[in-house]
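Spelled out from the first residue to the last, the chains are:
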Amino acid sequence: MTQMVHEEAVPIRVANHDAAVARISHLPHVFAETLATVGDNGGILAQSLAAGSFKDATRVAGTRPDLVRQMCKTNASALVEALDEALELLHDAREKLAAPEPSTAELADAGYRARTRIEARSGARKESVSPVKISSHPVLRLHPGGPKWVAQLRQTESLGGRIEIF
């Protein structure tokens, strides 16, 4: 009896992969390390007041330092680009907080909209008991060597889709 295994692959070129993981994997490690350090520098009082948002934001700071160093080193150029973008947003937020009428409205609104899009794209829905995963990624059935199959790979990559090979 032959058993079929259903697998999906994400077609992605190296430079696009590196840019994406710099934003969604490596930069969060840099931020988590930074937040953990700033929180720790606040002393015992700050540490004792640390609630869920701080703990969630610093969770990956518990990753072994040698793994974080290697991850960041091997993708340094893409990580620097993502970090520059983040620093620009942080600098803008700092300027707006230092203004006569302090505000984080623009950043908070943009962050909320971004998180909403991320949740929608990932298919994650918060339910009362547990999250439900619903696939929202386009899946393309691909026959390697078939007509325009390379163009189909590129299109799937641009959509963040998956491929099913048959």
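For clarity, every value in this text was computed on a predicted model and none was experimentally measured.

Enquirer: Got a minute to help me understand the pattern of salt bridges in this structure?
Expert: Note on pairing: side chains with opposite charge can pair once their charged atoms come close. Tallying each qualifying case throughout the model produces 7 salt bridges. Measuring nitrogen to oxygen at the nearest pair gives 2.6 Å for the salt bridge that ties Arg23 to Glu85. Of this pair, Arg23 sits in helix 1 (residues 14-41) while Glu85 is found in helix 5 (residues 76-97), placing the two residues 62 residues apart along the sequence. For the salt bridge of Arg115 with Glu119, the shortest nitrogen-to-oxygen distance reads 3.0 Å. Of this pair, Arg115 and Glu119 are both found in helix 6 (residues 105-122), 4 residues apart, which corresponds to roughly one turn of the helix. Here the salt bridges do not stand alone but share partners, grouping Asp92, Lys96 and Glu106 into one network.

Enquirer: How should I be thinking about the nonpolar core in this particular structure?
Expert: Nonpolar side chains tend to gather and get buried jointly when the protein is soluble and globular. In this structure, Ala22, Leu27, Val68, Cys72, Ala78, Leu79, Ala82 and Ala86 together form the largest nonpolar core, which totals 8 residues. Broken down by secondary-structure element, the contributors of at least two residues to this core are helix 1, helix 4 (65-74) and helix 5. Here this core gets 4 residues from one element, more than from any other, and that element is helix 5.

Enquirer: What am I meant to see in the side chain of His29 here?
Expert: Along the chain, the position of His29 falls in helix 1. Those residues in contact with His29 that sit more than four places away from it in its chain are Val60, Thr63, Val68 and Met71.

Enquirer: Teacher, can you tell me more about helix 1 here?
Expert: Every α-helix carries 3.6 residues per turn, so stepping three or four residues along brings you back to the same face. The terminal C-alpha atoms of helix 1 lie 38 Å apart, and with 28 residues this matches the ideal 40 Å at 1.5 Å per residue to within 8%. Remark: the principal bend of helix 1, roughly 50 degrees, maps to Ala22. Inspection of helix 1 places Val21, Ala22, His26, Leu27, His29, Ala32 and Gly39 among the buried residues, and these make up the whole buried set. Packing partners of the buried residues in helix 1 comprise helix 2 (43-49), helix 3 (52-57), helix 4 and helix 5.

Definitions and limits used
Residues numbered from 1 in each chain as written. Predicted model: local features only at pLDDT ≥ 70, side-chain atom pairs only at ≥ 80, totals over all residues. Heavy atoms only, no water. Salt bridge = Lys/Arg side-chain N within 4 Å of Asp/Glu carboxyl O. Helix = DSSP H or I, 4+ residues; strand = E, 2+ residues; numbered from the N terminus. Core = buried A, V, L, I, M, F, W, Y, C linked by side-chain atoms within 4.5 Å. Buried < 20%, exposed > 50% of the residue type's maximum accessible area, 1.4 Å probe, protein only. Contact = heavy atoms within 4.5 Å. Expected span 1.5 Å × (residues − 1). Bend = angle between axes of the 7 residues up to and from the residue.

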